[in-house]
Amino acid sequence: MKKPDHRLLPVAAAAVTVVLWASAFVSIRSAGGSYSPGALALGRLLSGSLVLGLLCLVRREGLPPRSAWRGIAISGLLWFGFYSVVLNWGEQQVDAGTAALVVNIGPILIALLGARLLGDPMPPRLLAGMAVSFAGAVTVGLSMSGEGGSSVLGVVLCLLAAVAYAGGVVAQKPALGRASALQVTTFGCLIGAVLCLPFTGQLVGEAADAPLTATLNMLYLGVFPLALAFTTWAYALARTTASRMGATTYAVPALVVLMSWLALGEVPGVLTLAGGVLCLAGVAVSRSRARTSRVVAAAQETRPEEIRKPA
């Protein structure tokens, strides 16, 4: 019986993450019309914390080690808390295309911070793939622009969201070397929820008037794109570099285009489709390895068998 290739598990985890994160944009379109930015962030974080907390109890994960708390705290404050509120607010101030353009600076910032603070390598294929994907994200953004107004405040908020996203990812990476993916995600989510507690009054008041579909979408955002997808993200990030994982998220714009087409009936134009193809092509390039690297890896795997052979 053939043994499963465990090297594929991080790839599968990353794929789950980008699909669920892409679906979040469709759900936010529904929930965002009835919930203010802070209330939506708090509701999402509370539902995600509940699911993650139950999983930790079932698996008896316990508290993370003290050495992991710095990274967990920084990622919880920046990514789970601040990013959620600021992005929700920014998307109400600018059109979807402008938001996509600005927020997609995040993976580039992750690569720069990862190289500077974590010593992540910057191979040519990664840089080339990110350039192609960013060009695709720009194309998608330009094709979607003009559907709404834009403001300086909105652009600044989306830029702050991109910076917070990058800082949270880079802070999370060292913590994953000391604690499990579930621990890092759970306690990061809890910290983000605590940061958003001042919006409790808004959440209670808006939940009383919101339609059921909006509330269900908020709960979906907490359970799947947050609790599940952030855990699979942490699992994959623990097994690769922050730069490579950041580049993987460039698949999200292409999937958003596809999901909006299927779920909302928003037929994409030729320019939007071309941008989506570029995003996916760039991710494929950034995730690939040079032939020489594959040969060396294969040689290293077979060398122990060769050493055991009798002379």
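Residues numbered from 1 in each chain as written. Predicted model: local features only at pLDDT ≥ 70, side-chain atom pairs only at ≥ 80, totals over all residues. Heavy atoms only, no water.

Caption draft 1: The overall build of the protein chain, seen in detail. When you go through the protein chain residue by residue, the secondary structure sums to 14 helices and 0 strands. Secondary structure elements of the protein chain, listed N to C terminal, follow the sequence α-α-α-α-α-α-α-α-α-α-α-α-α-α. By the burial criterion, 47% of the 311 residues in the protein chain qualify as buried. For the protein chain, the share of sequence-separated contacts (at least 6 apart) that also reach a separation of at least 24 residues comes to 92%. (Helix = DSSP H or I, 4+ residues; strand = E, 2+ residues; numbered from the N terminus. Buried < 20%, exposed > 50% of the residue type's maximum accessible area, 1.4 Å probe, protein only. Contact = heavy atoms within 4.5 Å.)

Caption draft 2: View of the packing of helix H3 (residues 69–90) against helix H7 (residues 152–175). Closest axis-to-axis distance for the H3/H7 pair is 8 Å, and the angle between their directions is 160 degrees. When the interaxial angle is binned, H3 and H7 end up roughly antiparallel. Taken as a pair, H3 and H7 cross one another with a handedness that is left-handed. Residue composition of the contact of H3 with H7, by class: 20 nonpolar, 7 polar and no charged. (Axes fitted to C-alpha atoms, helices over the stretch in contact; angles between N-to-C directions. Parallel < 35°, antiparallel > 145°, perpendicular 65-115°, else oblique. Left-handed = near helix turned anticlockwise from the far one by under 90°. Nonpolar A, V, L, I, M, F, W, Y, C, P; charged D, E, K, R; others polar.)

Caption draft 3: Region of the structure containing the confidence of the model for the protein chain. The share of residues in the protein chain with pLDDT of 70 or more is 84%, and the mean pLDDT across the chain is 83. No element of the protein chain has a lower mean pLDDT than helix H14 (residues 291–308), at 41, and none a higher one than helix H8 (residues 181–195), at 97. Contacts for the low-pLDDT stretch residues 292–311, under 50 throughout, to residues beyond four places or in other chains number 3 contacts. (pLDDT = per-residue confidence, 0-100.)

Caption draft 4: Local environment of the nonpolar core. Judged by nonpolar contacts, the single largest core of 64 residues is most densely connected at Tyr35, Trp79, Tyr83, Val169 and Trp233. With 11 residues, helix H10 (residues 212–237) is the largest single contributor of residues to this core. Counting 10 residues, the second largest nonpolar core, distinct from the first, contains Leu126, Tyr250, Ala254 and Cys279. (Core = buried A, V, L, I, M, F, W, Y, C linked by side-chain atoms within 4.5 Å.)

Caption draft 5: Molecular detail of the packing of aromatic side chains. Summed over all chains, the structure comprises 11 aromatic pairs. Between tyrosine 83 and tyrosine 165 the ring centres are 6.1 Å apart and the planes differ by 45 degrees, which places this aromatic pair in the tilted class. With tyrosine 83 in helix H3 and tyrosine 165 in helix H7, this pair connects stretches of sequence that are 82 residues apart. Using a relative accessible area of 16% as the deciding quantity, one classes tyrosine 83 as buried. An aromatic cluster is defined as three or more aromatic residues linked by ring pairs; in this entry it consists of Trp21, Trp79, Phe80, Tyr83, Tyr165, Phe230 and Trp233. The ring centre of tyrosine 235 lies 3.7 Å from the NZ or CZ of arginine 239, which sits over that ring. (Phe/Tyr/Trp six-rings, centres within 6.5 Å; stacked < 30°, edge-to-face > 60°. Lys NZ or Arg CZ within 6 Å of the ring centre and 35° of its normal.)

Caption draft 6: Spotlight on the pattern of salt bridges. Taken as a whole, this structure holds 1 salt bridge when the rule is applied. Note that glutamate 61 is salt-bridged to arginine 59, the shortest N-O span being 3.2 Å. (Salt bridge = Lys/Arg side-chain N within 4 Å of Asp/Glu carboxyl O.)

Caption draft 7: Summary view of the side chain of serine 75. Tracing the sequence through the fold places serine 75 in helix H3. Classification of serine 75 by relative accessible area gives buried; the value is 0%. Among the polar contacts made by the side chain of serine 75, one reaches the main-chain carbonyl oxygen of isoleucine 72 at a distance of 3.0 Å. In contact with serine 75, other than residues within four places in its own chain, are Phe80, Gly168, Ala171 and Gln172. (Polar contact = N/O pair within 3.5 Å; in protein donor to acceptor, adjacent residues only side chain to side chain.)

Caption draft 8: Summary view of the packing of helix H1 (residues 8–31) against H10. It is the contact of H1 with H10, at a shortest axis distance of 8 Å, that shows an interaxial angle of 160 degrees. With respect to H10, the element H1 is oriented roughly antiparallel. Note on packing geometry: the crossing formed by H1 with H10 is left-handed.

Caption draft 9: Summary view of H3. Here H3 is 22 residues long and its end C-alpha atoms lie 29 Å apart, about the 32 Å a rise of 1.5 Å per residue gives. Taking the largest bend as the criterion, H3 deviates by roughly 40 degrees, centred on tyrosine 83. (Expected span 1.5 Å × (residues − 1). Bend = angle between axes of the 7 residues up to and from the residue.)

Caption draft 10: How the structure looks around the environment of glycine 76. Relative to the helices and strands, glycine 76 resides in helix H3. Exposure remark for glycine 76: the relative accessible area of 0% places this residue in the buried category. Sequence separation of glycine 76 and cysteine 189 is 113 residues, and the distance between their C-alpha atoms is 5.9 Å. Each residue touching glycine 76, except ones within four places of it in the same chain, is listed here: Gly81, Gly188, Ile191 and Gly192.

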